[in-house]
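# An overview of the molecular structure
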Amino acid sequence: MAAAEEDFEFQLQQEEIQRHHQEHGDPFTYTDPDDGTVYEWDQDKLAWFPKITDDFIAAYQANYGVAESTQQQTASTTQQQTQQQQQQQKKAKKELKPGEKRKANDPEWFDVDEVKNTNVYVSGLPTDITDDEFKDLMQKCGIIMEDMETGQPKFKLYRDQNGQLKGDGRCCYLKRESVDLALQILDNYEFRSHTIHVEPAKFQLKGAYNPALKKKKKKQKKQKNMQERLLDWRPERKEPLRPKHERVMIIRNMFHPKDFEEDPLELNEISDDLRSECEKFGIVKKVLIFDRHPDGVASVAYKEAEMADAAVAALNGRWFGGRQLNVALWDGVTDYQIEETDREREERLKKWEEFLDLGADIKKEDAKVKKEDATETTRRTDMASSSTAGESTSDGGKTEG
């Protein structure tokens with residue numbers, strides 16, 4: 001009974017295949033009406049097998065995963081490619097001669113990134129325009145970049161072979177936003193009866209590559225500091241800054257080195273007196289006494305040069321300790337410090353010890369004198385007390401008689 005049913009189903013399948021062949025004209029393929037699987041007839045095995053197509057492989061991998069053999073094949077292919085690259089590198093190294101370095105890529109010109117390009121090209125300028133006029137004109141739209149080597153603003157007026165201005169120029173801004181602003185404001189702007197035209201600068205690289213013309217890389221930290229300084233708000237000074245050495249005042253003929261040999265403490269007294277007097281003209285930052293200089297030199301450093309000017313005008317020619325002072329600003333070069341020799345140092349230390357010993361002796365003498373004075377005072381007090389007691393006794397005897 002079961003065999004009869006199998007034969008019946010087989011007969012139905014064969015009829016379905018026969019009908020499919022008649023409709024499609026392909027006797028070697030068959031599509032299952034239930035799941036849509038396409039079967040292909042194998043003449044050698046005399047059986048139907050699923051036809052291998054891209055859709056069939058995708059469905060199979062989705063249901064059962066990727067075969068291990070496929071993964072191994074992919075890994076093997078990648079490994080082979082890596083080995084081939086390593087072999088090529090080793091081969092290139094072997095071809096090099098001893099001491100020969102691998103050649104780098106041929107140098108070539110590089111393009112300027114439009115986003116980072118902060119240069120503008122200006123045309124239609126008067127042929128008699130000056131650098132200051134061009135600078136003032138371009139500063140209307142932003143801060144001009146400064147050259148990190150020279151510190152000068154980066155702009156240029158183009159000239160012909162004869163050195164005459166051509167009426168065009170280039171300006172480099174600090175920020176890209178200034179370029180857009182210049183295009184909006186200065187393009188078709190009337191300047192001294194001339195209509196100027198502004199556009200982003202374009203650099204055309206001509207000729208073969210020349211490494212000597214390539215711009216050297218600057219330190220990023222230095223460039224960053226320069227940008228921060230330009231963007232920082234600082235009040236402008238009405239007058240140019242004066243050199244720092246003009247804040248220092250030099251005073252001559254203020255003392256003699258032998259004065260400190262007799263009394264070393266006089267050095268501190270002179271320093272204190274000098275500071276007190278000089279503070280009348282401004283803020284004093286430092287006072288130095290060059291005690292070994294034969295001209296009796298002292299220096300006073302002020303916070304501002306104008307303070308030093310006022311002190312020089314007031315103190316020059318005045319008298320101090322019986323000496324007439326010679327006061328002037330420091331030239332920034334002369335060194336008034338005099339180093340002492342070993343012999344002079346030994347003599348100075350010896351005199352200092354003698355001075356300390358003398359001070360100790362004076363203290364001992366003072367203590368001795370004070371002790372003697374106290375003893376004498378006590379003796380006199382005792383004598384006075386004895387005399388008073390004697391007189392009292394005598395008066396009592398007379399009264400009794």
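Residues numbered from 1 in each chain as written. Predicted model: local features only at pLDDT ≥ 70, side-chain atom pairs only at ≥ 80, totals over all residues. Heavy atoms only, no water.

## Let's talk about the overall build of the chain
Counting its secondary structure elements, the chain contains ten helices and 14 strands. When each of the 401 residues of the chain is scored for burial, the buried share is 19%. Sequence-distant contacts, at least 24 apart, represent 61% of the contacts inside the chain between residues at least 6 apart. For the chain, the computed accessible surface area is about 31,400 Å², with 48% contributed by carbon and sulfur atoms. (Helix = DSSP H or I, 4+ residues; strand = E, 2+ residues; numbered from the N terminus. Buried < 20%, exposed > 50% of the residue type's maximum accessible area, 1.4 Å probe, protein only. Contact = heavy atoms within 4.5 Å. Areas by Shrake-Rupley, 256 points an atom, 1.4 Å probe, with all protein chains shown as cover.)

## Topic: helix H8 (residues 266-278)
Working note: α-helix, 3.6 residues per turn, so residues spaced by three or four point in the same direction. Helix length check: H8, at 13 residues, gives a terminal C-alpha distance of 18 Å against a target of 18 Å (1.5 Å per residue), a fit within 8%. Looking only at H8, the buried set comprises Ile270, Ser271, Leu274 and Cys278. Down the axis of H8, the smallest arc covering the buried residues is 100 degrees, so these residues share one side. (Expected span 1.5 Å × (residues − 1). Arc of directions from axis to C-beta.)

## Digging into the sheet that holds strand E14 (residues 326-329)
Strand order in the open sheet made by the four strands is E10-E11-E9-E14, with antiparallel pairing throughout. Only two strands of the sheet have a single neighbouring strand rather than two, namely strand E10 (284-290) and E14. Direction aside, the axes of adjacent strands within the sheet are offset by 15 degrees on average. As defined by bridge partners, strand E9 (residues 248-252) adjoins strand E11 (residues 297-302) across four bridges and the pair is classed as antiparallel. (Pairing = 2+ DSSP bridges. Axes fitted to C-alpha atoms, helices over the stretch in contact; angles between N-to-C directions.)

## A short note on the pattern of salt bridges
For the structure shown, the criterion picks out seven salt bridges. Among the salt bridges present, the one from arginine 192 reaches glutamate 133, with a minimum N-O distance of 2.9 Å. Taken together, the positions of arginine 192 in the loop between strand E7 (189-191) and strand E8 (194-200) and glutamate 133 in helix H4 (residues 131-138) put the pair 59 residues apart, joining distant regions of the chain. The class for glutamate 133 is partly exposed, based on a relative accessible area of 29%. A salt bridge links lysine 280 to glutamate 277; the shortest N-O distance between them is 3.1 Å. Take lysine 280: its relative accessible area is 59%, and that puts it in the exposed class. (Salt bridge = Lys/Arg side-chain N within 4 Å of Asp/Glu carboxyl O.)

## A word on unusual backbone geometry
Backbone geometry places asparagine 188, a non-glycine residue, at a positive phi of 65 degrees. When you line up the elements, asparagine 188 lands in the loop between helix H5 (176-185) and E7. Taking relative accessible area as the criterion, asparagine 188 reaches 56% and is therefore assigned exposed. Backbone geometry at asparagine 253 places phi at a positive 60 degrees, although glycine is not the residue there. Relative to the helices and strands, asparagine 253 is located in the loop between E9 and helix H7 (257-262). For asparagine 253, a relative accessible area of 30% translates into the label partly exposed.

## As for the pairing of E11
Most of E11 sits inside the fold, with six of its six residues counted as buried. Burial along E11 is two-sided: Val297, Ser299 and Ala301 and Ala298, Val300 and Tyr302, pointing in opposite directions, are all buried. Alignment of E10 against E11, held across six bridges, turns out to be antiparallel. Looking at E11, one finds that phenylalanine 290 is bridged to valine 297.

## Here's the deal with the side chain of aspartate 168
In this fold, aspartate 168 is placed in strand E6 (residues 165-172). Despite its burial, aspartate 168 pairs with no opposite charge; the closest candidate is lysine 166, at 4.6 Å N-O. A polar side-chain atom of aspartate 168 sits 2.7 Å from a polar atom in the side chain of tyrosine 121. (Lys, Arg positive; Asp, Glu negative; His and termini not counted. Polar contact = N/O pair within 3.5 Å; in protein donor to acceptor, adjacent residues only side chain to side chain.)

## Section: the packing of aromatic side chains
A full pass over the atoms with the stated rule returns three aromatic pairs. Measuring from ring centre to ring centre gives 6.5 Å for tyrosine 121 and tyrosine 158, while their planes differ by 45 degrees; the resulting arrangement is tilted. Highlighted residues: tyrosine 121 in strand E4 (residues 119-123) and tyrosine 158 in strand E5 (residues 155-159), separated in sequence by 37 residues. (Phe/Tyr/Trp six-rings, centres within 6.5 Å; stacked < 30°, edge-to-face > 60°.)

## Examining the confidence of the model for the chain
Confidence in the prediction for the chain averages 75 pLDDT; 60% of positions are at 70 or higher. Per-element averaging of pLDDT across the chain places helix H2 (residues 54-64) at the bottom with 57 and E9 at the top with 95. Residue range residues 65-71 is modelled with pLDDT below 50. Its contacts to residues more than four positions away, or to other chains, number three contacts. For residues 396-401, every residue scores under 50 in pLDDT, and the model assigns this stretch zero contacts once sequence neighbours within four places are set aside. (pLDDT = per-residue confidence, 0-100.)

## Structural notes on a nonpolar patch on the surface
On the surface, Leu265, Trp352 and Leu356 cluster together to form a nonpolar patch covering roughly 280 Å² of accessible area. As for its placement among the helices and strands, tryptophan 352 is situated in helix H10 (residues 342-400). (Patch = residues over 30% accessible without salt bridge, like charges linked within 9 Å, V, L, I, M, F, W, Y side chains within 5 Å.)

## Focus on the sheet that holds E6
Read across the sheet, five strands follow the order E5-E6-E4-E8-E7 without closing on themselves; strand pairing throughout is antiparallel. The strands lining the two open edges of the sheet, one partner per strand, are E5 and E7. On average, each strand axis in the sheet is inclined to that of its neighbour by 30 degrees, with strand direction left out of account. When E4 meets E8, the two strands line up antiparallel, connected through four bridges.

## Notes on the environment of valine 297
Within the fold, valine 297 resides in strand E11. For valine 297, a relative accessible area of 0% corresponds to the buried category. Sequence separation of valine 297 and leucine 325 is 28 residues, and the distance between their C-alpha atoms is 9.8 Å. Setting aside residues no more than four positions away along its own chain, valine 297 makes contact with Ile250, Ile251, Arg252, Phe255, Ile289, Phe290 and Tyr336.

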